[in-house]
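Architecture at a glance
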Amino acid sequence: MNRGTFHKGTAGKLLNFLFILPLFLGLRPLIINYSLIDTAVFLGGLVLILGLIIYNNTVPYITYDEKALRILLPYRENREEHRFDSLLGYRLRGRRALILFSLDHRPLKIVLTLEERNRFVELLTSKGIHRENENRG
């Protein structure tokens, strides 16, 4: 069985930690009006957010098998499935990104590391999915 995964780049993983920044606004009121219960709630929220970020960074961004790609998108609860037989093609964007065209879904921009993107393009080429013209409207 031909299965595999693609992961997010290091920069994308580090950017997820920006979700902690709003918590710094709560530090000053917490220090000025110290309360044990407020501190416990704040630390509990901090641990929960850190746990979710760490979990999100360990989950594969794209998984695939013989039939389809399954892509984890931040705005979807479940993975979006793109069957290989319904993919129209792809267009390269810059050094690390590409846009995937499908019959079933809107065009999807995928950002990977350079090595992962090259591996992803090789996978698409082996499945018979070719690069689109740059002048496509």
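Located above this text is the structure these notes cover.
Cut-offs and rules
Residues numbered from 1 in each chain as written. Predicted model: local features only at pLDDT ≥ 70, side-chain atom pairs only at ≥ 80, totals over all residues. Heavy atoms only, no water. Core = buried A, V, L, I, M, F, W, Y, C linked by side-chain atoms within 4.5 Å. Buried < 20%, exposed > 50% of the residue type's maximum accessible area, 1.4 Å probe, protein only. Helix = DSSP H or I, 4+ residues; strand = E, 2+ residues; numbered from the N terminus. Contact = heavy atoms within 4.5 Å. Pairing = 2+ DSSP bridges. Expected span 1.5 Å × (residues − 1). Phe/Tyr/Trp six-rings, centres within 6.5 Å; stacked < 30°, edge-to-face > 60°.

1. Brief notes about the nonpolar core
- Core analysis: the biggest nonpolar cluster contains 21 residues, and Leu69, Leu100, Ile110, Phe120 and Leu124 have the highest contact counts within it.
- Put simply, the parts of the chain that give this core at least two residues each are β2 (62-64), β3 (68-71), β5 (87-93), β6 (97-102), β7 (108-111) and α4 (114-126).
- With sequence-adjacent residues up to four places away left out, Leu124 is seen in contact with Leu69, Phe84, Leu87, Tyr90, Leu100 and Ile129.
- One finds Ile20, Leu23, Leu30 and Ile53 within the second-largest nonpolar core, a separate group that totals 5 residues.

2. Here's the deal with the pairing of β6
- β6 sits mainly inside the fold: 6 of its 6 residues count as buried.
- Along β6, one buried face is formed by Ala97, Ile99 and Phe101 and the opposite face, lined by Leu98, Leu100 and Ser102, is buried too.
- Direction of pairing for β5 relative to β6: antiparallel, over a ladder of 6 bridges. Counterpart to Leu92 in the pairing with β6 is Leu98.
- Here β5 folds back onto β6 in antiparallel fashion, the turn holding 3 residues, of which Gly94 has a positive phi close to 70°.
- When β6 meets β7, the two strands line up antiparallel, connected through 4 bridges. Its bridge partner lying in β7, Ile99 is registered against Lys109.

3. What to know about α4
- Compared with the 18 Å implied by 1.5 Å per residue over 13 residues, the 18 Å span of α4 between its first and last C-alpha is a close match.
- Looking at the buried residues of α4, the elements they touch are β1 (4-6), β2, β3, β5, β6 and β7.
- Positive backbone phi, at 85°, marks Gly128, one or two positions downstream of α4.

4. Focus on the packing of aromatic side chains
- Considering all chains together, one arrives at 2 aromatic pairs under this definition.
- Each ring, one from Phe6 and one from Phe120, has its centre 5.2 Å from the other, and the planes form 85°; the classification is edge-to-face. With Phe6 in strand β1 and Phe120 in helix α4, this residue pair connects regions lying 114 residues apart in the sequence. There is no split in this pair, since Phe6 and Phe120 are both buried.
- Among the aromatic residues, ring-to-ring pairing joins Phe6, Tyr64 and Phe120 into one connected group.

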